[in-house]
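So the chains spell out like this:
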Amino acid sequence: MASDYLLRATSKDGSIRALVATTTNLVAEAQRRHDTAATATAALGRALTAAGLFAATLKDGESITLRFIGDGPIGGIITEADHAGNIRGYVQEPHADLPARPDGKLDVGGVVGSNGYVHVTRDLRMREPYTSSAALVSGEIAVDLSNYFLVSEQTPSAVSLGVLVERDLTVRAAGGFFLQALPGAAEDVIRGLEANVGLMPSISAAIDQGMTPEGILRLALAGIDYEIIGRQELRYHCRCDRDRVERALISVGERDLREMADDDRPVEMTCHFCGQRYEFSPDELRQLLARATPPDGEKHLHS
Ligand code: ZN
């Protein structure tokens, strides 16, 4: 299968930004890692694709986190992507599933819920990460994000996300596009874009039929002078490692860590994002405890 990639394009006058991605492989990997049911796969896949698209608008070294917290059975969806095309994510209830909707589509809105919020956090490295939020509209992910951009960032955007899941739960096709009218975009250009978007086929069906991001871009930006300014491979990649897990364990605090160490049994930690397991022997826990225990002087200050 062709690898996942993203194209970045702008209109020649710079007023329109377009991002298109195929994410079939990385969504398939997420499905395998998290053992998600069909509807949960579609919800997670859309959110992973969205994170990848939005991260492409950031600068080198920056990253974005999307959190969808609704009142549906999936509980919550967290996805992250960085500017280099590394994407990861998880859902609270991977087995959340619902019967298909009357039109045959997976009921993503039902599984996410329409009461709740989408939170978008940008980590721009040099500053504190900042988060902005908007109420969910339908829980279908793409509509919620278009609304987020309009309400929270005052930028008219079109977001389309699609995941096609096979009966055996494997992922057949996934991808999406993200179009933004930047300040200064002419009214007739925006209307032309809206008309193009209205004529677009379902994104997952288009990718399933072999349409490339180049082809999708041609449809989305028909009638607009544009150029492709970047191409990037996308992949499911988790940045967890033993060192980070050790720091997380230390941060639970001296008392809890001492309890674990005194238990004299190995402790297993699992990464939410990728399912990787990390085991710590009682000896290793005691070493971590030594690192967690502040020097005497400091201890007195805090007690
Ligand atoms: Zn991980």
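These figures come from a predicted structure and were not determined experimentally.

## What to know about the pattern of salt bridges
As a working rule, side chains carrying opposite charge can pair if their charged atoms are close by.
Working step 1: Inspection of the entire model under this criterion finds 20 salt bridges.
Working step 2: Measuring nitrogen to oxygen at the nearest pair gives 3.1 Å for the salt bridge that ties R88 to E80. Of the two residues, R88 and E80, both sit in the buried class.
Working step 3: When the shortest N-O distance is used, the salt bridge between R122 and E153 registers 2.9 Å. Of this pair, R122 sits in strand 6 (residues 117-123) while E153 sits in helix 4 (residues 142-153), and the two are 31 residues apart along the sequence.
Working step 4: Exposure remark for R122: the relative accessible area of 10% places this residue in the buried category.

## Notes on the packing of aromatic side chains
Working definition: an aromatic ring pair is given by the centre-to-centre distance plus the angle between the planes.
Working step 1: Applying the stated criterion across every chain, the model contains 5 aromatic pairs.
Working step 2: A ring pair is formed by F54 and F149, whose centres lie 4.9 Å apart and whose planes are at 80°; its orientation type is edge-to-face. Separated by 95 residues along the polypeptide, F54 in helix 2 (residues 38-55) and F149 in helix 4 bring together distant segments of the chain.
Working step 3: Under the relative-accessibility criterion, F54 is labelled buried at 2%.
Working step 4: When its relative accessible area of 3% is taken as the criterion, F149 is described as buried.
Working step 5: With centroids separated by 4.6 Å and ring planes inclined at 65°, the aromatic side chains of F54 and F178 adopt a geometry described as edge-to-face. In this pair, F54 sits in helix 2 while F178 sits in strand 9 (residues 171-181), placing the two residues 124 residues apart along the sequence.
Working step 6: Of note, R88 hangs over the ring of F273, and the distance from its end group to the ring centre comes to 3.8 Å.
Working step 7: The ring of F280 is capped by R242, whose NZ or CZ atom sits 4.2 Å from the centre of that ring.

## Digging into the coordination of the zinc ion
Working step 1: Distances from the zinc ion to its protein donors, C238 (SG), C240 (SG), C271 (SG) and C274 (SG), fall at 2.2 to 2.3 Å.
Working step 2: All donors of the zinc ion come from a single chain, and their spacing in sequence reads C-x1-C-x30-C-x2-C. For the pair shown, C238 and C240 are each scored as buried.

## Let's talk about unusual backbone geometry
Working step 1: Phi is positive for I141, which is not a glycine, with a value near 80°.
Working step 2: One can find I141 in the loop between strand 7 (130-135) and helix 4.
Working step 3: Since its relative accessible area comes to 0%, I141 is described here as buried.
Working step 4: We note that Q154 has phi near 55°; this positive angle belongs to a residue other than glycine.
Working step 5: With respect to the helices and strands, the residue Q154 is situated in the loop between helix 4 and strand 8 (157-165).
Working step 6: Classification of Q154 as exposed rests on a relative accessible area of 60%.

Criteria and cut-off values
Residues numbered from 1 in each chain as written. Predicted model: local features only at pLDDT ≥ 70, side-chain atom pairs only at ≥ 80, totals over all residues. Heavy atoms only, no water. Salt bridge = Lys/Arg side-chain N within 4 Å of Asp/Glu carboxyl O. Buried < 20%, exposed > 50% of the residue type's maximum accessible area, 1.4 Å probe, protein only. Helix = DSSP H or I, 4+ residues; strand = E, 2+ residues; numbered from the N terminus. Phe/Tyr/Trp six-rings, centres within 6.5 Å; stacked < 30°, edge-to-face > 60°. Lys NZ or Arg CZ within 6 Å of the ring centre and 35° of its normal. Donors = N, O, S within 2.8 Å, 3.2 Å for Na, K, Ca; no water.

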